[in-house]
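# Descriptive structure summary
The chain contents come next:
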Amino acid sequence: IEGVHFAPGTPPEVVGHKAVARAHSDTAAMAARPLATFAAASFGPAWDDTVCRALCKALHETAEQIGAPLVGGDISSTEGPLTLTVTALGTPGPAGAVTRSGAQVGDVICVTGALGGSLRGWHLDFMPRIAEALELVRRADVHAMIDLSDGLSTDLSHIADMSGVGVEVRADAVPVSEAACETARESGREALWHALNDGED
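Right, let's walk through the structure included here. (Residues numbered from 1 in each chain as written. Predicted model: local features only at pLDDT ≥ 70, side-chain atom pairs only at ≥ 80, totals over all residues. Heavy atoms only, no water.)

## As for unusual backbone geometry
We apply this condition: Strands here mean DSSP runs of E at least two residues long; helices mean DSSP runs of H or I at least four residues long; both are numbered from the N terminus.
Unlike most non-glycine residues, A31 shows phi in positive territory, near 55 degrees. Along the chain, A31 falls in the loop between α1 (12-28) and β1 (32-43). One non-glycine residue, E200, lies in the positive phi region at around 55 degrees. Position of E200 relative to the elements: it lies in the segment after α7 (191-197).

Set out below in structure tokens:
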């Protein structure tokens, strides 16, 4: 949603990319293989034909890059902000569908990158961690997975609640990004706080 997930004036190519990548982050979060993508776009009055076409091209190109071609959807107009709805389809990976509800006592918590400070740019240009998720389930007996759209602290609580377990996080083990450190210098909060709570990692 324009004004919620991206600022007005964000290039249409970036908006289209994020919309598809964000949806397929849930494919990665279940260690699934991408299959196809559907997209529905409601364009506001500020979006002219050229900009609309650029966004639709980005939807198509990112879906192809992920390996889940854009196979259908809908385009409409609205008096409100641009709204995109993307549906990501996938097929179970080598471990079947890995959900948030399977965590067990004694499991180790792992992440696939440094955390925090995503609003400095990578919340717009990231790629979903599909390859990493598939590799994790090939190498280990993974019981639960989730993407960090809401931040490590919140998304870990989702796994804990769904699985009926508690979690313990060692502060010195959390991989804090340089972007989180930069954000901390501006916000007055600790970089670790941003790594735990910023989201869209």
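## A word on α1
In plain terms, the rule: Working rule for helices: expected span equals 1.5 Å times residues minus one. When a residue's accessible area, from a 1.4 Å probe over protein chains only, is under 20% of the maximum for its type it is buried; when over 50% it is exposed; and in between it is partly exposed.
The first and last C-alpha atoms of α1 sit 24 Å apart over 17 residues, in line with the 24 Å expected at 1.5 Å per residue. Within α1, 13 of the 17 residues are buried, which leaves the element mostly enclosed by the surrounding structure.

## A word on the sheet that holds strand β3 (residues 83-92)
We count it as follows: Should DSSP find at least two bridges between two strands, the strands are taken to pair. To get an axis, a line is fitted to the C-alpha atoms, and for a helix only the part in contact is used. The angle between two axes follows their N-to-C directions and goes from 0 to 180 degrees. Should any heavy atoms of two residues lie within 4.5 Å, those residues are considered in contact.
If you trace the 3 strands from one edge of the open sheet to the other, you get β2-β1-β3, paired in mixed fashion. Of all strands in the sheet, those bounded by a partner on one side alone are β2 (70-77) and β3. Between one strand and the next, the sheet's axes are offset by a mean angle of 15 degrees, whatever the strand orientation. Bridging between β1 and β2 involves 7 bridges; their strand directions are parallel. Across the sheet, the residue bridging to A41 is I75, located in β2. Strands β1 and β3 of the sheet are contacted by α1, whose axis makes an angle of about 35 degrees with β3. Contacting β1, β2 and β3, helix α2 (residues 49-66) crosses the sheet at an angle of about 170 degrees to β1.

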